[in-house]
Every structure is written in structure tokens, then in C-alpha cells.
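Residues per chain, in single letters:
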Amino acid sequence: MIDPSLNSYRDRVLAWVERIPLGKVATYGQIAALAGKPRAPRQVGQILAGIPDPDALPWQRVINAKGEISTYRRGVGELQRAMLESEGICFDPQGRCDLRTYLWQRETDPLEA
DNA sequence: AGACTGACTCCAA
DNA sequence: GTTGGAGCCAGTC
């Protein structure tokens with residue numbers, strides 16, 4: 001599943017975020033589940049808020065379950081959106097992206113192939 | 001130790 | 001389809 005050297009929830013979360021491919025996005029809940037705690041999506045946000053080097057991590061590809069940017073109140077929302085758009089992610093007038101298209105699905109993608 | 005907070009989600013109305 | 005309320009987990013005060 002994941003590197004055994006990663007013991008803490010924090011490290012596992014970061015490791016998974018790092019694996020989100022360019023042009024795709026993942027939800028907090030998705031990352032939380034992959035990291036082993038499906039009921040702790042808020043921790044994902046908390047962790048991402050405290051990462052040492054944001055430049056080395058594609059944190060911008062993590063959004064909420066509705067496909068919206070969850071960081072507007074934190075002030076980096078516009079930056080995040082700009083980064084995602086530069087990766088090819090498109091947003092609706094409502095500020096939401098189509099998860100059906102952009103959600104990172106590491107298991108199956110029969111329709112996309 | 002107990003209470004508060006948050007870059008969330010799910011389910012019901 | 002949208003909006004509101006309750007639940008949840010880990011870190012911090």
C-alpha cells in the first residue's frame with residue numbers, strides 16, 4: 001500500500017498527496033481513507049496547513065468532496081485555483097470543478113481508457 | 001485532564 | 001440541485 005517507513009498519519013497523508021498525478025485532484029476524505037483514517041478528513045487539512053515546504057508538495061490538488069476549493073477563507077484560495085487552472089483543471093462559475101472528470105482514481109478508469 | 005478548533009463529510013429537509 | 005445540522009479525529013490551549 002504505502003511505504004512501511006511512514007508510521008504517522010501525517011507522513012502517510014503527505015505521501016499520498018505527493019502521489020496525486022498532475023491534472024487530477026483528490027478529496028480530503030479520499031486522502032484520509034488512503035492514509036487509513038476514513039473519518040479524519042479534517043486532519044488532512046490540518047496537516048496540509050502545517051507542512052514545512054508547500055513548494056515540494058502538490059497540496060493544491062486536494063479539495064473538498066463537492067469539488068470546491070476549501071481554502072478561500074484561509075487566503076490561499078485564489079493561489080490554489082490559479083495553480084490548478086495552470087494544470088488544466090477547469091472551474092464552474094460556481095467555483096467548482098467536475099470531480100467526475102478530474103478526481104484521481106488510482107483503482108479503475110475503464111471509461112477514461 | 002477537559003474543552004475548543006478546524007483547508008471535512010454524510011444524511012435529511 | 002442546494003442548505004443546514006450532527007458527527008469525527010487529532011492537535012492545541
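Right above here is the structure, for reference.
I will try to describe carefully the structure that is included in this document. Only a predicted model underlies this, so the values are computations on that prediction, with no experimental measurement involved.

So, how was this worked out
- Residues numbered from 1 in each chain as written.
- Chains lettered and ligands numbered in written order.
- Predicted model: local features only at pLDDT ≥ 70, side-chain atom pairs only at ≥ 80, totals over all residues.
- Heavy atoms only, no water.
- Phe/Tyr/Trp six-rings, centres within 6.5 Å; stacked < 30°, edge-to-face > 60°.
- Helix = DSSP H or I, 4+ residues; strand = E, 2+ residues; numbered from the N terminus.
- Buried < 20%, exposed > 50% of the residue type's maximum accessible area, 1.4 Å probe, protein only.
- Lys NZ or Arg CZ within 6 Å of the ring centre and 35° of its normal.
- Near = heavy atom within 4 Å.
- Polar contact = N/O pair within 3.5 Å; in protein donor to acceptor, adjacent residues only side chain to side chain.

What about the packing of aromatic side chains?
For the structure shown, the criterion picks out one aromatic pair. Pairing W16 with W104 gives two aromatic rings, centres 6.3 Å apart and planes at 50°, and the pair type is tilted. Linking W16 in helix α1 (residues 9-18) with W104 in the segment after α5 (99-102), this pair joins segments that are 88 residues apart in sequence. Each member of the pair, W16 together with W104, is buried. In this arrangement the basic side chain of R19 is found over the ring face of W16, its NZ or CZ atom lying 4.8 Å from the centre.

Things to note about the protein's contact with DNA strand B
Residues in close proximity to DNA strand B total 16 residues, the closest being Y28, R42, Q43, A65 and S70. The sugar-phosphate portion of DNA strand B accounts for 44% of its atoms within 4 Å of the protein, the bases making up the rest. One of the side-chain nitrogen or oxygen atoms of R42 is found 2.5 Å away from a base nitrogen of DNA strand B. Backbone polar atom of S70 to a sugar or linking oxygen of DNA strand B: 2.9 Å apart, as the coordinates give it. Among the elements that line the surface near DNA strand B, the one with the most residues is helix α3 (residues 41-49), at seven residues.

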